[in-house]
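Observations on chain architecture
What follows is the residue order along each chain.
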Amino acid sequence: NCISRGISNAGTSTLISQIKKFLEFLEDKEYMEVKPILYRLLVYKDSQPDVNKEPYTAEEINRIINYLKDKKPLHALGVAIIANSEIRKESLLKLKTDCLVKTLSREDGAEYAVKVHTKRSENQLELININRYVKSFIDECIEFTSEIRKNMNSYDKDYIFIHLQEGREIPKRFKSESIAKEINKACRILKIEPLGTAGIRNN
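Calculation criteria
- Residues numbered from 1 in each chain as written.
- Predicted model: local features only at pLDDT ≥ 70, side-chain atom pairs only at ≥ 80, totals over all residues.
- Heavy atoms only, no water.
- Phe/Tyr/Trp six-rings, centres within 6.5 Å; stacked < 30°, edge-to-face > 60°.
- Lys NZ or Arg CZ within 6 Å of the ring centre and 35° of its normal.
- Helix = DSSP H or I, 4+ residues; strand = E, 2+ residues; numbered from the N terminus.
- Expected span 1.5 Å × (residues − 1).
- Buried < 20%, exposed > 50% of the residue type's maximum accessible area, 1.4 Å probe, protein only.
- Arc of directions from axis to C-beta.
- Contact = heavy atoms within 4.5 Å.
- Polar contact = N/O pair within 3.5 Å; in protein donor to acceptor, adjacent residues only side chain to side chain.
- 1 Å grid on protein atoms, 1.4 Å probe; cavity = no way out; pocket = protein on both sides within 12 Å on 5 of 7 lines; lining within 4 Å.
- Points joined across faces, edges and corners; volume = space filled by probe spheres on them.
- Nonpolar A, V, L, I, M, F, W, Y, C, P; charged D, E, K, R; others polar.
- Pairing = 2+ DSSP bridges.
- Salt bridge = Lys/Arg side-chain N within 4 Å of Asp/Glu carboxyl O.

**Notes on the packing of aromatic side chains**
Tallied over the entire structure, the rule returns two aromatic pairs. Positioned above the aromatic ring of Tyr-112 is the side chain of Lys-135, whose terminal nitrogen or guanidinium carbon lies 4.8 Å from the ring centre. Above the plane of the ring of Tyr-159 lies Arg-173, whose end atom (NZ or CZ) is 3.8 Å from the centre.

**Side note on helix H6 (residues 132–144)**
Owing to its 3.6 residues per turn, the α-helix aligns residues three or four sequence positions apart on the same side. Across its 13 residues, H6 extends 18 Å between first and last C-alpha, which sits within 8% of the 18 Å expected from 1.5 Å per residue. Turning to H6, its buried residues number three or more, namely Val-134, Lys-135, Phe-137, Ile-138, Cys-141 and Ile-142. Viewed end-on, H6 has its buried residues packed into an arc of 160 degrees, placing them on one side of the element. For H6, exposure combined with an orientation more than 90 degrees from the buried face picks out Arg-132 and Glu-143. Considering only its buried residues, H6 is in contact with helix H4 (73–83), strand S1 (100–104), strand S2 (111–117), strand S3 (125–130) and helix H7 (146–149). For H6, the N-terminal capping position is held by Asn-131, with its side-chain oxygen 3.0 Å away from the main-chain nitrogen of Tyr-133.

**Overview of empty space enclosed by the protein**
Following the criterion strictly, the structure yields one cavity of 30 Å³ or more and no others. Volume-wise, the largest cavity comes out at about 30 Å³. Considering the residues around the largest cavity, the lining is formed by Lys-20, Glu-24, Tyr-39, Lys-175, Ser-176 and Glu-177. Within the lining of the largest cavity, the residues separate by chemical class into one nonpolar, one polar and four charged.

**Things to note about the pairing of S3**
The two faces of S3 differ: Glu-126, Ile-128 and Ile-130 on one face are buried, but Leu-125, Leu-127 and Asn-129 on the other face are not. Sheet topology note: the S2/S3 ladder contains six bridges and is antiparallel. Bridging across to S3, Val-116 finds its partner in Glu-126.

**Overview of helix H3 (residues 58–71)**
In a regular helix each residue adds 1.5 Å, so 14 residues correspond to 20 Å; H3 covers 20 Å between its end C-alpha atoms and thus fits that length. Regarding H3, the residues found buried are Ile-61, Ile-64, Ile-65 and Leu-68. On an axial view of H3, the arc spanned by its buried residues comes to 95 degrees, and they lie on one face. In H3, the exposed positions that point more than 90 degrees away from the buried face belong to Glu-59 and Asp-70.

**A look at the pattern of salt bridges**
Applying the stated criterion across every chain, the model contains seven salt bridges. The partner of Lys-89 in a salt bridge is Glu-177, with the nearest N and O atoms 3.3 Å apart. One end of the pair, Lys-89, is in helix H5 (residues 89–92); the other, Glu-177, is in the loop between strand S5 (172–173) and helix H8 (178–190), and 88 residues separate them in sequence. When the shortest N-O distance is used, the salt bridge between Lys-115 and Asp-98 registers 3.8 Å. Of the two residues, Lys-115 is situated in strand S2 and Asp-98 in the loop between H5 and S1; the sequence distance between them amounts to 17 residues. Residue class for Asp-98 comes out partly exposed when judged on its relative accessible area of 47%. Connected through salt bridges with shared partners, the residues Lys-89, Glu-90 and Glu-177 form a single ionic network.

Spelled out as structure tokens, the structure:
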């Protein structure tokens, strides 16, 4: 409909964003459960994307993480994992409590990988090697959500990135844009150009 009416790229993106917000509203009010695939389908790629955007600098990433530590500690850990590994945001939010796999035992410390779903692996799990810092970040995430996970009996219970919304009794998984939104909020406060998770992935 947008294409046939000649609506601009910016206008189309705005309309799609409004649809996403409406779906989130329906979920938040528990009027209906929206399948995750609908959010993935509601993506509009600009016909002339800006490919020259510079990524965040290492200093900016550290500032974002430090800002989020107090406000949104689990989001801060998510940013740290993305910044220090090959794990993408989409795969990050699918990590489960059993995702860590020891690949090598050594006297000076074991080596680990994570089981993740990636674009190329489709429905199959793939192993991505991680360093000791990322392993500690994941351990911290699991510990951070351990208490609220005890009250869950749903399919989401095994996922690491879950949260308990104010006024709710049952925790839910992070939505696909959760981390990007918090990064952009932090950037506006810190006077950094907001690039979402893409600016971290490009670093």
